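# Structural overview
Here is how the chains run, residue by residue.
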Amino acid sequence: MTQQSTCYRVEEIPLEETTLGAEDFLVPVAHFHQTIFQCFNHPFLFKVTEGETLQSVRVRLMERFKDVSEKEFEKYKFSLVSHGRMTAIGDEFAFNSSDFINNIDTDSKPLNEAHLDVFLHSRPWLGLEHAIKPPKRSRYNYVEKPVKIHNQ
């Protein structure tokens, strides 16, 4: 008998994103630094409306990141990441569901395990490129010196 493991993704969804309209869809979003293979923090799903511009999405994302200052958020660079390639996008970029949702041909044969893995991992996502900010330390940590005990 073989054992199969299942992995579930659990995240808190803001109340305003719990219902999707006919023109709404969810976009995977992840933080990265310099290359898309250096992801950090927790990826999440973000509700976007068909044809919505990056400028309006940026404003809503800034509201969601309450612990990031406006000055710091302005340094974030946005990219569309698909199949291991990053494409920088500007404020005029309009979100289309066809860019983020892969369509499976219903007439084709069912996906086997290998094809399903490629299908799931090739799903496009919105990348937020910015520096990794370490937690702030107290200024006293730098002044303090360790206590040395010499046994004699």
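We now turn to the structure provided with this report. Going along each chain's sequence as written, the residues are numbered from 1 onward. Only residues with pLDDT of at least 70 are given local features in this predicted model, and only at 80 or more are side-chain atom pairs given and counted; all residues enter the totals for whole chains, interfaces and linings. Hydrogens are left out, water is left out, and the side-chain values use all remaining heavy atoms of the structure.

With that out of the way, let us pick up the pairing of strand 3 (residues 77–82). Here, strands pair whenever DSSP counts at least two bridges between them. For the purposes of this entry, the term helix denotes a DSSP run of H or I that reaches at least four residues, the term strand denotes a run of E that reaches at least two, and both are numbered from the N terminus. Two strands pair when backbone bridges link them, and strand 3 and strand 5 (residues 125–129) are joined in this way by five bridges, in the antiparallel orientation. Directly across from S79, in strand 5, lies its bridge partner G127. As judged from the four bridges shared by strand 3 and strand 4 (residues 85–88), these two strands associate in the antiparallel manner. When the sheet's bridge partners are listed, S82 is paired in strand 4 with R85. Where strand 3 folds back onto strand 4 in an antiparallel hairpin, the turn is made up of two residues, including H83, whose phi is positive at roughly 55 degrees.

Turning our eyes to something else, we now look at the sheet that holds strand 5. Here we have five strands laid out as an open sheet, ordered 2-1-5-3-4, and mixed in their pairing. A single partner strand is all that each edge strand has here, and the edge strands are strand 2 (35–49) and strand 4. For this sheet, the mean angle separating the axes of adjacent strands, direction not counted, is 35 degrees. For this analysis, residues touch if any pair of their heavy atoms sits within 4.5 Å. For helices, the axis comes from a line fit to the C-alpha atoms of the stretch in contact; other axes are also lines fit to C-alpha atoms, and the angle between any two N-to-C directions lies between 0 and 180 degrees. Strands in contact with helix 1 (residues 54–64) are strand 2, strand 3 and strand 5; relative to strand 2, the strand with the most contacts, it is inclined by about 105 degrees.

Any two rings among Phe, Tyr and Trp, with Trp reduced to its six-membered ring, count as a pair given centres within 6.5 Å; such a pair is stacked if its planes are under 30 degrees apart, edge-to-face if over 60, and tilted if neither. This model, assessed by the stated rule, comprises six aromatic pairs. Relative to F73, the ring of F65 lies with its centre 6.1 Å away and its plane at 55 degrees, an arrangement referred to as tilted. On the basis of relative accessibility, which here comes to 12%, the residue F65 falls in the buried class. On the basis of an interplanar angle of 70 degrees and a centroid distance of 6.2 Å, the ring pair of F73 and F78 is categorised as edge-to-face. Each of the two residues, F73 as well as F78, counts as buried. Members of the aromatic cluster, connected to one another through ring pairs, are F44, F65, F73, Y76 and F78. For each residue, the accessible area found with a 1.4 Å probe, counting protein chains only, is set against the maximum for its type, and the residue is called buried under 20%, exposed over 50%, and partly exposed in between.

Let us look at the environment of T53. Assignment of secondary structure puts T53 in the loop between strand 2 and helix 1. In the structure, T53 is positioned 40 residues away from F93 in sequence and 5.4 Å away in space, judged by C-alpha atoms.

With a 1 Å grid spanning the protein atoms alone, the term cavity applies to any set of points in which a 1.4 Å probe fits but cannot get out, the term pocket to an open set with protein on both sides within 12 Å along at least five of seven lines, and the term lining residue to any residue with an atom within 4 Å of a point. Grid points are joined across faces, edges and corners, and a volume is the space filled by probe spheres set on the points. Counted as a void, the largest pocket has a volume near 820 Å³. As for the largest pocket, its lining consists of 28 residues, and the residues nearest its centre are H31, N41, R64, F65 and D67. Contributing elements (two or more residues each) for the lining of the largest pocket: strand 2 and helix 1. For the lining of the largest pocket, the element with the most residues is strand 2, which contributes seven residues.

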